[in-house]
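# Architecture at a glance
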Amino acid sequence: MRAALTVEKRVAIALWKLATPDSYRSVGHQFGVGKSTVGAAVLQVANSIKELLISRIVTLGKAQAIMDGFAAMGFPNYGGAIDGTHIPILAPEHQATEYINHKGYFSVLLQALVDHKGRFTNINVGWSGKVHDARVFRHSGLFRKLEEGTFFPDQKITVGDVEMPIVILGDPAYPLMPWLMKPYTGSLDSSQDLFNYRLSKCQMVVECAFGCLKARWCSLLTRSDLSEKNIPIVTAACCALHNICESKGEMFMVGWEVEANRLAADYTQPDTRA
């Protein structure tokens, strides 16, 4: 029998497959292996990342540095921006209609909290595309930690005559909570307009993070043929790899965004703000 593939080659195969929209057969030709070997390498690497890296890399880190970063954008005592994005998939064998989102394609949801530099500090992936963002959030571990006050340090500031804890920001789809801010809706006066402007500036961080994630790891933009139990593992691995790239200052090339926009045109994100 032939010698087993080296760890380096397995990692290279997995990174190539995750970073391109290429088929398993095409990646196999690139590395001189069979398409089943490519699939095995992707899952081996993704599972290793999940077990060894995610708990160390997709984490809050220094809360004060994050708050200082958002304060520079115009919003004090702010610990992160939360939003969701849809990952296209092939129709699952069972309960396929549960995975059809508002735009009419099959997907799973990735919900993420992001810091001021666009790094993921908390992720929740695997809910079907039909489920509303607010429901995913209410059933997440992040929601429980924020309710219990254990996710952020107990640090409050006084705004006017109100004590304000560390808060996160969501779009109008999320519930208004003592620790979650969302924009004003309806007819607004000038102060509410300014408030919304500053929040939207901070909210752009999470949208840019999703854009960079999918542009770097283009496999998230094509309909994944992984099983329902493996899609969350591979998606979470891409989030960890995104954080590593951001932390190490890896170059982000303009051409990637152009390619990502071309691939994403077939899978427009549903509007959950209403």
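Worth saying up front: this structure is predicted, and the values here are computed from it rather than measured.

### As for the overall build of the protein chain
Of the regular secondary structure elements, the protein chain holds 10 helices and 7 strands. Over its C-alpha trace the protein chain gives a radius of gyration of 20 Å, about what one expects of a compact globule, namely 19 Å for 274 residues. Scored against the burial criterion, the 274 residues of the protein chain give a buried share of 45%. Within the protein chain, residue pairs in contact and separated by at least 24 positions form 67% of the contacts whose partners lie at least 6 positions apart. Roughly 14,300 Å² of accessible area belongs to the protein chain as shown, and the carbon and sulfur atoms make up 55% of that amount.

### Notes on the pairing of strand S3 (residues 120–128)
Pairing of strand S2 (residues 107–114) with S3, which is carried by 7 bridges, proceeds in the antiparallel orientation. Bridging from a neighbouring strand, Leu 113 pairs with Asn 122 of S3. Count of turn residues in the S2/S3 antiparallel hairpin: 5 residues, of which Gly 118 carries a positive phi of about 80°.

### Some remarks on the sheet that holds strand S6 (residues 167–169)
In spatial order, the strands read S3-S2-S1-S6-S7; together these 5 strands make up an open sheet with mixed pairing. Strands at the two margins of the open sheet, each flanked by one partner only, are S3 and strand S7 (180–181). Direction of pairing for strand S1 (residues 78–88) relative to S6: parallel, over a ladder of 3 bridges. When the bridges of S6 are listed, Gly 80 appears paired with Ile 168. Along the sheet, helix H5 (residues 63–72) makes contact with S1, S2 and S3, crossing S1 at roughly 90°.

### Re a nonpolar patch on the surface
Together, Val 7, Val 11 and Leu 15 make up an exposed nonpolar region whose accessible area comes to about 220 Å². Take Val 11: it is sitting in helix H1 (residues 7–19). For Val 11, a relative accessible area of 33% corresponds to the partly exposed category.

### Considerations on the packing of aromatic side chains
All chains considered together, the criterion is met by 13 aromatic pairs. Where Phe 70 meets Tyr 78, the ring centres are 4.2 Å apart and the plane angle is 45°; that geometry is what we call tilted. Of the two residues, Phe 70 and Tyr 78, neither departs from the other in class, the shared state being buried. The ring of Tyr 24 carries Lys 17 above its face, with NZ or CZ at 4.7 Å from the centroid.

### Let's talk about the packing of helix H2 (residues 24–31) against helix H3 (residues 35–52)
Orientation of H2 relative to H3, taken along the N-to-C sense of each, is 95°, at an axis distance of 8 Å. When the axes of H2 and H3 are compared, the pair comes out roughly perpendicular. Here H2 contributes Tyr 24, Arg 25, Val 27 and Gly 28 to the contact with H3, which in turn contributes Lys 35, Val 38 and Gly 39.

### A look at the nonpolar core
Considering soluble globular proteins, one finds that nonpolar side chains tend to be buried as a cluster. If you look at the biggest cluster of nonpolar residues, it comprises 67 residues, and the most contacted ones within it are Tyr 78, Phe 120, Phe 137, Leu 146, Ile 168, Leu 213 and Trp 217. In terms of residues, this core owes the most to one element, helix H9 (residues 231–247), which gives 10 residues. Residues contacting Tyr 78, with those up to four places away along its chain left out, are Ile 66, Met 67, Phe 70, Ile 166, Val 167, Ile 168, Leu 169 and Cys 202.

### A word on unusual backbone geometry
If you check the backbone angles, Asn 77 has positive phi at about 55° while not being a glycine. Inspection of the secondary structure assignment puts Asn 77 in the loop between H5 and S1. The phi dihedral of Gln 95 is positive, around 50°, even though this residue is not glycine. In this fold, Gln 95 is placed in the loop between S1 and S2.

Quick notes on the rules
- Residues numbered from 1 in each chain as written.
- Predicted model: local features only at pLDDT ≥ 70, side-chain atom pairs only at ≥ 80, totals over all residues.
- Heavy atoms only, no water.
- Helix = DSSP H or I, 4+ residues; strand = E, 2+ residues; numbered from the N terminus.
- Rg over C-alpha atoms; globule rule 2.2 N^0.38 Å.
- Buried < 20%, exposed > 50% of the residue type's maximum accessible area, 1.4 Å probe, protein only.
- Contact = heavy atoms within 4.5 Å.
- Areas by Shrake-Rupley, 256 points an atom, 1.4 Å probe, with all protein chains shown as cover.
- Pairing = 2+ DSSP bridges.
- Axes fitted to C-alpha atoms, helices over the stretch in contact; angles between N-to-C directions.
- Patch = residues over 30% accessible without salt bridge, like charges linked within 9 Å, V, L, I, M, F, W, Y side chains within 5 Å.
- Salt bridge = Lys/Arg side-chain N within 4 Å of Asp/Glu carboxyl O.
- Phe/Tyr/Trp six-rings, centres within 6.5 Å; stacked < 30°, edge-to-face > 60°.
- Lys NZ or Arg CZ within 6 Å of the ring centre and 35° of its normal.
- Parallel < 35°, antiparallel > 145°, perpendicular 65-115°, else oblique.
- Core = buried A, V, L, I, M, F, W, Y, C linked by side-chain atoms within 4.5 Å.

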